[in-house]
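Inside the fold
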Protein chains: 2
Amino acid sequence: MEQDSLISRVPLVRVKDYLVEQAEDEVVREVPITIFLNDQEFITVVCSPFSIEALVAGFLFVEGIIADRKELLNIKVLPDEGLVWVETARSTAAESLFLKRCLASCCGRGRSTFYFMNDAGLAPVRAEFTVTVDQIRALNEEREKRSVTFRTTGGTHNAALCTPREIIYFDEDIGRHNAVDKVLGRAFLDEVPFQDKLIFLSGRISSEIVIKAARAGVPLIVSRAAPTDLALAMAEKLNIGVVGFVRGNRLNIYTRPERVKVDA
Amino acid sequence: MEQDSLISRVPLVRVKDYLVEQAEDEVVREVPITIFLNDQEFITVVCSPFSIEALVAGFLFVEGIIADRKELLNIKVLPDEGLVWVETARSTAAESLFLKRCLASCCGRGRSTFYFMNDAGLAPVRAEFTVTVDQIRALNEEREKRSVTFRTTGGTHNAALCTPREIIYFDEDIGRHNAVDKVLGRAFLDEVPFQDKLIFLSGRISSEIVIKAARAGVPLIVSRAAPTDLALAMAEKLNIGVVGFVRGNRLNIYTRPERVKVDA
């Protein structure tokens, strides 16, 4: 099996009507990756087994553990062991910070939409960003094309970080959140600016996705699926545009409609 | 808006070709619920806004915070405030236990399949349990019927706890994990045994779902969707049967095939 394969072959018993057949089939892979931060065991995430460096960088970035590329001194992935060693400049209080966040953030957040955002320490995104409806449609076609050809699909989620004109980063994961962390992490590693980009994802826009966008400073989230009401309430306050149900010639603009230009 | 409504109405701008229309549409609700455990703020989970008592009981149970119904002295839901007050008999070390688990479990788990399970403190399920293919098909029909009629659907996940003959508990949530926690929590509150039941869910069987089943002692997990390879490896070791892709007259048996009888 290839180390970065999305798919694993497993034996199974296939039943059709009352006919039983021994068979073999493909199932999607899921691997635990344990992050050691400054020689301390820190967290284990379960993910699709590729783009691990990007995933870890993105996770540490959107969770607020590192804020700047310069703080990330070293990141080393040992894929066979499922281990990632990370060295950061900011070693002080990293664990207690994380534990607080673990309670306040990765397992859920806040007491209401207001506290939710306050606890997460987020500020509204400041960006003059616009995209046209035609550009969104073109990006959606490109995203769907890549989701077919990128890897053998196993019903995974995908995410892309895009300028209005093109996809800059594209990735997949069994976890909707991981796919977003991977593309944000790659941009973080490359020190690419976020305020002139949009996140395009295949799955639902939930509150956690809005928090990731806010942390990175991305002004627009676009999806072929739906947003939740909490995601919309937070996006409104964080000055983030939300576009959903991008399918063929249709789309819905939920927040910050001024970010989307409709011109024939 | 009803307190337990799955759906919220929001304004939006609908674009079709280059036609722009102000409209209103339904989006799925997502609410943060903060659990106070023995007067300490404990965790916030994001979920669909109903069956909160079951969700909280199930979460505390499958995360190992409470192991027995008698340990749960009081549970009070304040739906308008998004707060749940829980009083347990085992107040000692509950928070540190949770923090350890938060690192080891709810944000991911272990270093490999082996450590994964060891860290979670799980033992193989001991149960003599069988179900027939016809019973699985009948349960699937019933589950699909309920998922249409239960609430206006918003593309949520559903889960059921069943005997071979009937669905005992059924619930829905925007989170796949939450839907399972809700049905396990309701059974826990009612002190219903688990070793003669199966979990039937609409979504993917990932490693976390196997851990929940193992914690409760449920011997079989059935889904209309696929399992992951890690879920199968863990289920094999934990003596849990996994059946996937239950659709019409077909199904796949991945682990413990002796639990499923194929008789015309």
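Refer to the preceding data block for the structure.
With 156 residues, the main nonpolar core has Val210(A), Ile221(A) and Val210(B) as its most contacted residues. Not counting residues within four places of it along the chain, the set of residues in contact with Val210(B) comprises Ile205(B), Ile221(B), Ala231(B), Met234(B), Ala235(B), Leu238(B) and Ile240(B).

Next up on the list: the environment of Ser5(A). By secondary structure assignment, the location of Ser5(A) is in the segment before strand 1 (7–16). A sequence separation of 234 residues divides Ser5(A) from Asn239(A), and the C-alpha atoms of the two residues are 38 Å apart.

With that settled, consider helix 4 (residues 133–149) of chain A. All names here are of chain A. Over its 17 residues, helix 4 runs 25 Å from end to end, which matches the ideal 24 Å to within 8%, given 1.5 Å per residue. Among all positions in helix 4, only Val 133, Ile 136, Leu 139, Asn 140 and Arg 143 are buried. The arc that holds every buried residue of helix 4, seen down its axis, measures 115°, which confines them to one face. Of the exposed residues in helix 4, the ones pointing more than 90 degrees away from its buried face are Glu 141, Lys 145, Val 148 and Thr 149.

Looking now at the packing of helix 6 (residues 207–216) of chain B against helix 7 (residues 229–237) of chain B. All names here are of chain B. Between helix 6 and helix 7, the least distance of the axes is 8 Å, while the angle of their chain directions is 25°. As summarised for this structure, helix 6 and helix 7 are arranged roughly parallel, according to the angle between their axes. Along its contact with helix 6, which presents Ser 207, Ile 209 and Val 210, the element helix 7 presents Leu 230, Ala 231, Met 234 and Ala 235. Among the residues forming the contact of helix 6 with helix 7, the class breakdown is 6 nonpolar, 1 polar and no charged.

This part covers the sheet that holds strand 13 (residues 250–255) of chain B. Whenever strands of a sheet pair, they do so through backbone hydrogen bonds, lying parallel or antiparallel. One open sheet accounts for 8 strands, arranged 2(A)-1(A)-13(B)-12(B)-11(B)-10(B)-8(B)-9(B); its pairing is mixed. Edge positions in the open sheet fall to strand 2 (19–28) of chain A together with strand 9 (167–173) of chain B, since each of these has one partner strand only. Direction aside, the axes of adjacent strands within the sheet are offset by 25° on average. With 10 bridges connecting them, strand 1 of chain A and strand 2 of chain A associate as antiparallel partners. From the neighbouring strand, Arg14(A) faces strand 2 of chain A, where its bridge partner is Glu21(A).

Attention now goes to the packing of helix 1 (residues 52–62) of chain A against helix 5 (residues 176–189) of chain A. Axis angle and axis distance: for two packed helices, these are the angle between their axes and the distance between the axes, and together they describe the pair. All names here are of chain A. Direction vectors running N to C along helix 1 and helix 5 enclose 90°, while the axes themselves pass 6 Å from each other. Between helix 1 and helix 5, the crossing angle belongs to the class labelled roughly perpendicular. Of the residues in helix 5, those touching helix 1 at Ala 54, Leu 55, Val 56, Ala 57, Gly 58, Phe 59, Phe 61 and Val 62 are Asn 178, Asp 181, Lys 182, Leu 184, Gly 185, Arg 186, Phe 188 and Leu 189. Residue composition of the contact of helix 1 with helix 5, grouped by class: 10 nonpolar, 3 polar and 3 charged.

All names here are of chain A. Taken together, the 4 strands give an open sheet; going across it, the order is 4-3-6-5, and neighbouring strands pair in mixed fashion. A strand with exactly one partner marks an edge of an open sheet, and here the two such strands are strand 4 (40–47) and strand 5 (72–78). When strand polarity is set aside, the average angle formed by the axes of neighbouring strands in this sheet is 20°. Summarising the sheet, strand 3 (residues 31–37) and strand 4 pair through 7 bridges and their orientation is antiparallel. Bridging across to strand 4, Thr 34 finds its partner in Thr 44. Of the strands in this sheet, strand 3, strand 4, strand 5 and strand 6 (83–88) touch helix 1, which is tilted by about 140° from strand 5.

Let's shift gears to unusual backbone geometry. Residue and element names in this part refer to chain A. The phi dihedral of Asn 38 is positive, around 50°, even though this residue is not glycine. Inspection of the secondary structure assignment puts Asn 38 in the loop between strand 3 and strand 4. Judged by C-beta crowding, with 16 C-beta atoms within 10 Å, Asn 38 ranks as partly exposed. Non-glycine residue Ser 51 carries a positive phi angle of around 55°. When you line up the elements, Ser 51 lands in the loop between strand 4 and helix 1.

Reading the values: the criteria
- Sequence order as written defines the numbering, with residues in each chain counted from 1.
- To read the labels, note that chains go from A and ligands from 1, taken in the order they are written.
- A pLDDT threshold of at least 70 governs which residues receive local features in this predicted model, and a stricter bar of 80 or more applies before side-chain atom pairs are shown or counted, although totals over entire chains, interfaces and linings include all residues.
- For our purposes the nonpolar core covers buried Ala, Val, Leu, Ile, Met, Phe, Trp, Tyr and Cys residues that link as a set through C-beta atoms within 7 Å.
- The burial criterion counts other C-beta atoms lying within 10 Å of a residue's C-beta, which is placed from the backbone; the residue is buried at 20 or more, exposed at 12 or fewer, and partly exposed between these limits.
- Two residues qualify as a contact pair if the distance between their C-beta atoms, derived from the backbone, is within 7 Å.
- Think of it this way: any DSSP run of H or I at least four residues long counts as a helix, any run of E at least two long counts as a strand, and we number them from the N terminus.
- One less than the number of residues in a helix, times 1.5 Å, gives the span that helix is expected to have.
- The arc in question is the one spanned by the directions pointing from the helix axis to the C-beta atoms.
- For every element, the axis is a line fit to its C-alpha atoms; helices are fit only across the contacting stretch, and the angle between N-to-C directions ranges from 0 to 180 degrees.
- Here is the rule for angles: anything less than 35 degrees is roughly parallel, anything more than 145 is roughly antiparallel, 65 through 115 is roughly perpendicular, and the remaining ranges are oblique.
- In the scheme used here, Gly and all other residues not listed as nonpolar or charged are polar, with Ala, Val, Leu, Ile, Met, Phe, Trp, Tyr, Cys and Pro taken as nonpolar and Asp, Glu, Lys and Arg as charged.
- Pairing between two strands requires that DSSP report at least two bridges joining them.

Without other data, these values stay purely geometric and don't point to any function.
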